[in-house]
Amino acid sequence: MPVQTMPRRAHRGREKRDPLATPQALMRAGSELFSERGFDGVPIEDLATRAGVNKALVSYHFGGKRGLYVAILESAFAAMSERLKAIEAAAPTAREALHGYVQAFEQMTRERRGFPTLFLREVLCAGIEPAVLPHLLEIIGVSRRLAERGAREGLFRPVDPLLMHFGLIGSLVFFFATEPARRRAAAAGGVPFAMPGSEAFVRYVEELTLRGLAPETTPSASHPRGARA
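Remember, predicted model here, so these are calculated numbers, not experimental data. (Residues numbered from 1 in each chain as written. Predicted model: local features only at pLDDT ≥ 70, side-chain atom pairs only at ≥ 80, totals over all residues. Heavy atoms only, no water.)

(A) Quick peek at the nonpolar core. By size, the foremost hydrophobic cluster in this structure holds 52 residues, and its most contacted members are Phe34, Phe77, Tyr101, Val102, Phe105 and Leu172. Contacts of phenylalanine 34, omitting those with residues within four sequence positions, involve Phe39, Val42, Leu47, Lys65, Leu68, Tyr69, Ile72, Leu118 and Arg121. (Core = buried A, V, L, I, M, F, W, Y, C linked by side-chain atoms within 4.5 Å. Buried < 20%, exposed > 50% of the residue type's maximum accessible area, 1.4 Å probe, protein only. Contact = heavy atoms within 4.5 Å.)

Structure representation (structure tokens):
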């Protein structure tokens, strides 16, 4: 007599369920909504609806809305820090390190839409989140070492590394954080000229840095010995 087996249909959902799917969906939804509306403008219900999950799972996975917000910020800054450190380690010259640095910021923005806007909103409204600070300091460290390496290799004149950091990051964050507003203005016909694309802007920042920080030309180099001005 054949042995009867219990149907497995009821177990298939549990077997195939990805335990990371829900927190990942919530982080994607949070990145989009928090960057659009700010922290206070996003109810938990909207986060759950966008993610397609029960709102109780926000507290279950992140301890509440603020926990989700911090997790999104920390994840983005940690990823950016690791990427920049990897570029720094692999670049054979300061010039290539600078190129990788600015390119990495554009790539990060494309992978994590809303990242620059979230960063600006957080700093302006609440200051620097303590969980983000270690990663931010690592990013600043890469900038500082890039400035020092560039000076050693003759690519840059000696400059304050922090000024170089703020010049690079400030330009990139502002450009990408305001990109949605530029798109809306262009779509509404309110801009009478073509807006530059992100690739063109990143190239511009790189060239501006190279030219602006280039070693100063000495009089002897400009006027060889025996030549008259």
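(B) Up close: the side chain of histidine 165. With respect to the secondary-structure elements, histidine 165 resides in helix H9 (residues 161-177). Apart from the residues within four sequence positions on either side, histidine 165 is in contact with Tyr101, Ile139, Ile140, Ser143 and Gly170. (Helix = DSSP H or I, 4+ residues; strand = E, 2+ residues; numbered from the N terminus.)

(C) Fine view of the environment of methionine 195. Mapped onto the elements of the fold, methionine 195 is located in the loop between helix H10 (179-187) and helix H11 (198-212). For the pair methionine 195 and arginine 182, spaced 13 residues apart in the sequence, the C-alpha separation amounts to 7.7 Å.

(D) Molecular detail of the pattern of salt bridges. A full pass over the atoms with the stated rule returns 12 salt bridges. Note that glutamate 32 is salt-bridged to arginine 50, the shortest N-O span being 2.7 Å. One end of the pair, glutamate 32, is in helix H2 (residues 21-37); the other, arginine 50, is in helix H3 (residues 44-51), with 18 residues separating them in the sequence. We classify glutamate 32 as partly exposed; its relative accessible area is 35%. Arginine 50 gets classed as partly exposed once you look at its relative accessible area, which sits at 40%. The closest approach of N and O atoms between glutamate 179 and arginine 183, which form a salt bridge, is 3.6 Å. Pair noted here: glutamate 179 and arginine 183 are both in helix H10, with a separation of four residues, about one helical turn. Residue classification places arginine 183 among the partly exposed positions, given a relative accessible area of 46%. The network of salt bridges with common partners includes Glu82, Lys85 and Glu138. (Salt bridge = Lys/Arg side-chain N within 4 Å of Asp/Glu carboxyl O.)

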